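In case you want the letters, here they are:
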Amino acid sequence: MQNRALLLKLLSAVLLFGAWEIAGRVPVSFAFPTFLESMAALVRMTLDGTMLTAYAETLKPLAIGVAISAFLGIAIGLWVGLSKFFDWLFSPIFIVMQAAPLAALIPLLVLAYGIGLTSKVLVVCIMAMPVIVLNTSGAVRNTPESYKEMGRSFLASDLSILVRIIIPAASPVIFAGLRLGISAGFIGAILSELKITPTGVGDIITYSRSIADYPSMYAAIFSIILLAVLFLNLLEKIELALFKGNERGYVSD
Amino acid sequence: MAMSQIKEESAPAASAEFESAVSVKNITKNYGDVEALRDMSLEFPRGQLTSLLGPSGCGKTTLLKIIAGLLEPTSGTVEVGGKEVTDPGPDRAFVFQDFALLPWASVIRNVAFGLEMRGVAASEREAIAEKYIKDVGLAGFENAYPHELSGGMRQRVGLARALSVDADVLLMDEPFSAVDEQTRRKFQEDLLALVQNENKTFLFVTHSIEEAVYVSDQIAILLPRPSRVSEIIRPSSFRNKGVDNIRRDPEYLDIVDEIWASLRSYVE
């Protein structure tokens, strides 16, 4: 079973990269390199240290933004889910944030917070937080009534009901929100490096495009996707470790 | 007919020879304009099983949840062991229709939940939980998760959880309605043994006439619109004839027929 899942993953990777390679060889576009060329560029940039310096820069706003979004997002989400008043107060803000065309708003952020780390962290947060807040609050509101009644009838305190019943019951949807939010945060980090100041991975993308070094450009994009996938897998492991009974068929491996 | 019956239109008093474990006095419950219960009074004798039986919408689950302290009555009082109660308390334990097991917790943690909330130390509550898991016939499943169990086994977990807190009164809200017919029969037999062996008072909500007559010492028939206790039936002769003989006992059959005759007109 474990082997079969791994095999299927490998097969799907081979199919995807094979299609990429063929599309690059046709070529679909002059600006679309083959898979092997991109991987060669990735290896080269990893070995000469370019990637390392780039990620040292990119990971700063990404890590800070994702951490803030996760903690604050879950906290606000719990609050909004538990109280009608805070729902009324906060939900519209996050719905607007989620629907806002962020790229168009970046100049405003730069005007207010400059071109430094603050603006970039904010971009990551605006991308990541709404879905975390909205998922968390929705999940909290939808805790099965009978679980809460069970807690009350067996004399659980309000705090115990929150910690022992509502949060675990909401955890699958909270984690789904985290997955969506964190992937959006990755997009936000790159977006901020493309739109505010070209640093880190965003710089590699912008620079290689300007000198027509497309393999390097795609290598940088590929590396950020790879990092996101690895991080999401880690998140799934954390969820399983925290809430073992959540493993009810929907977790892939 | 060989049965003792108390027929009163409303507010039936308990027979004098029984001590009440739970008494419900003039309970009214309104949901907005809808009157779920009107001025309902009922006595539940200690150490016996009383069924609340009636068509859907007659407020039997509402009454049980008011007794549990999960719902607040619009007016009226509930007394458990002579003391008025308004909130859930250690004297009552609830068995839920949909089991209400925490899916992320193992069987033993689910069973020990009530003890944990009462602040019982981990080693002690696990020992107690293990005993009741064994009692309900689930030994070996301590570390299984609810989704790995069948419906009947899940309700055994719910029952073990309610028994483990050692409350005087067990409130059971249609506990067997979500399990299959054969399991239900086994449960009913086990319940009779439980009433006999444990010195507890059972309040049992059901919509099955046969089930109510089979397991009850006293059956309160509730009628809807407005919700009221129409009749209290106390089967007298077949309880001691053994579980295998109840279903063919003439009194059992007569009571089932009679209840159906009085409920028939309320079922659409």
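Residues numbered from 1 in each chain as written. Chains lettered and ligands numbered in written order. Predicted model: local features only at pLDDT ≥ 70, side-chain atom pairs only at ≥ 80, totals over all residues.

1. Side note on the overall build of chain A
Step number 1: Along chain A, the regular secondary structure elements total 10 helices and 0 strands.
Step number 2: Across chain A, helices and strands are ordered from the amino to the carboxyl terminus as α-α-α-α-α-α-α-α-α-α.
Step number 3: A principal-axis box enclosing the C-alpha atoms of chain A has dimensions of 65 × 55 × 30 Å.
Step number 4: Among the 253 residues that make up chain A, the fraction classed as buried is 38%.
Step number 5: Partitioning the intrachain contacts of chain A with sequence separation of at least 6 by distance along the chain shows that 73% fall at a separation of at least 24. (Helix = DSSP H or I, 4+ residues; strand = E, 2+ residues; numbered from the N terminus. Buried ≥ 20, exposed ≤ 12 C-beta atoms within 10 Å, placed from the backbone. Contact = placed C-beta atoms within 7 Å.)

2. Things to note about the overall build of chain B
Step number 1: Per the secondary structure count, chain B includes 8 helices and 11 strands.
Step number 2: In terms of overall size, chain B behaves like a compact globule, its C-alpha atoms giving a radius of gyration of 18 Å where 268 residues would be expected to give roughly 18 Å.
Step number 3: Taking contacts inside chain B between residues at least 6 apart in sequence as the whole, the part at least 24 apart equals 71%. (Rg over C-alpha atoms; globule rule 2.2 N^0.38 Å.)

3. A few points about the pairing of strand β8 (residues 169-173) of chain B
Residue and element names in this part refer to chain B.
Step number 1: The buried count for β8 comes to 5 of 5 residues, which makes it a mostly enclosed element.
Step number 2: Neither face of β8 is exposed, since Val169, Leu171 and Asp173 on one face and Leu170 and Met172 on the opposite face are all buried.
Step number 3: As paired elements, strand β7 (residues 92-95) and β8 share 4 bridges and run parallel to each other. When the bridges of β8 are listed, Arg92 appears paired with Val169.
Step number 4: Relative to strand β9 (residues 201-206), β8 is paired through 5 bridges, and the arrangement is parallel. Within β9, the position partnered with Asp173 by the bridge is Val205.
Step number 5: Once the chain exits β8 it traverses helix α6 (residues 181-197) before rejoining the sheet at β9, and the crossover so formed is right-handed. (Pairing = 2+ DSSP bridges. Right-handed = clockwise from strand over helix to strand, strands pointing away.)

4. Notes on the interface of chain A and chain B
Step number 1: Across the boundary between the two partners, chain A contributes 17 residues, which contact 19 residues of chain B.
Step number 2: Those elements that place two or more of their residues in the side of chain A that touches chain B are α7 (145-153) and α8 (158-195) of chain A.
Step number 3: Among the elements that make up the side of chain A that touches chain B, the one with the highest residue count is α7(A) (6 residues).
Step number 4: Residue classes in the side of chain A that touches chain B are distributed as 8 nonpolar, 5 polar and 4 charged. (Nonpolar A, V, L, I, M, F, W, Y, C, P; charged D, E, K, R; others polar.)

5. A closer look at the nonpolar core
Step number 1: The biggest cluster of nonpolar side chains holds 133 residues, and the ones touching the most others in it are Ile67(B), Leu171(B) and Leu203(B).
Step number 2: Among the elements that make up this core, the one with the highest residue count is helix α6 (residues 117-141) of chain A (15 residues).
Step number 3: Per-domain counts for this core show at least three residues from each of domain 1 (18-91 + 167-268) and domain 2 (101-166) of chain B. (Core = buried A, V, L, I, M, F, W, Y, C linked by C-beta atoms within 7 Å. Domains from an automatic or database assignment.)

6. With respect to the environment of Asp166(B)
Step number 1: Among the structural elements, Asp166(B) can be located in the loop between α5 (151-164) and β8.
Step number 2: Put simply, Asp166(B) and Ile133(B) are 33 residues apart on the chain and 14 Å apart in space, counted from C-alpha to C-alpha.

7. Concerning unusual backbone geometry
All names here are of chain A.
Step number 1: Of note, the bond from Val26 into Pro27 is cis; its omega dihedral lies within 30 degrees of zero at -15°.
Step number 2: Along the chain, Pro27 falls in the loop between α1 (2-25) and α2 (35-47).
Step number 3: Within the chain, Ala212 stands out as a residue other than glycine whose phi angle is a positive 60°.
Step number 4: When you line up the elements, Ala212 lands in the loop between α9 (200-210) and α10 (214-242).

8. A few points about the pairing of strand β3 (residues 34-45) of chain B
Residues and elements named next belong to chain B.
Step number 1: One ladder, built from 8 bridges, connects strand β2 (residues 20-31) with β3; its direction is antiparallel. Considered in β3, the bridge of Val22 is made with Phe44.
Step number 2: In this structure, the hairpin formed by β2 and β3 is closed by a connection of 2 residues, where Gly32 is found at a positive phi of approximately 60°.

9. Some details on the sheet that holds strand β5 (residues 75-80) of chain B
All names here are of chain B.
Step number 1: In space, the 4 strands of this open sheet follow the order β3-β2-β5-β6, with antiparallel pairing throughout. Each edge of the sheet is formed by a strand with only one pairing partner; in this case those strands are β3 and β6 (83-85). Strand after strand, the sheet turns through a mean of 25° between neighbouring axes, direction not considered.
Step number 2: Across the sheet, helix α1 (residues 60-68) is in contact with β2, β3 and β5; its angle to β2 comes to roughly 115°. (Axes fitted to C-alpha atoms, helices over the stretch in contact; angles between N-to-C directions.)

10. Notes on the domain arrangement of chain B
Size of an interface: often given as the accessible area lost when the parts come together.
Residues and elements named next belong to chain B.
Step number 1: Here chain B is described as being made up of domain 1 (18-91 + 167-268) and domain 2 (101-166).
Step number 2: In this structure, domain 1 and domain 2 have C-alpha centres spaced 25 Å apart.
Step number 3: Tallying the contact residues gives 8 residues for domain 1 and 7 residues for domain 2.

11. Examining the packing of α2(A) against α10(A)
All names here are of chain A.
Step number 1: Here α2 crosses α10 at 75°, and the two axes come no closer than 8 Å. In terms of their interaxial angle, α2 and α10 are classed as roughly perpendicular. Judged by residue contacts, Glu37, Ser38, Ala40, Ala41, Leu42 and Met45 of α2 engage Pro215, Ser216, Tyr218, Ala219, Phe222 and Ser223 from α10.
Step number 2: Split into classes, the residues belonging to the contact of α2 with α10 amount to 8 nonpolar, 3 polar and 1 charged. (Parallel < 35°, antiparallel > 145°, perpendicular 65-115°, else oblique.)

12. Digging into helix α4 (residues 84-99) of chain A
Step number 1: With 16 residues, α4(A) should cover 22 Å at 1.5 Å per step; its first-to-last C-alpha distance of 22 Å lies within 8% of that length.
Step number 2: The largest bend along α4(A) reaches roughly 35° and is located at Phe90(A), with the proline Pro92(A) sitting one to four residues downstream. (Expected span 1.5 Å × (residues − 1). Bend = angle between axes of the 7 residues up to and from the residue.)

13. Remarks on α7(A)
Step number 1: Among the residues making up α7(A), those that are buried are Tyr147(A), Met150(A), Gly151(A), Arg152(A) and Ser153(A).
Step number 2: Residues of α7(A) that are buried make contact with α8 of chain A together with α1 and β7 of chain B.
Step number 3: One or two positions beyond α7(A), positive phi appears at Leu155(A), with a value near 70°.

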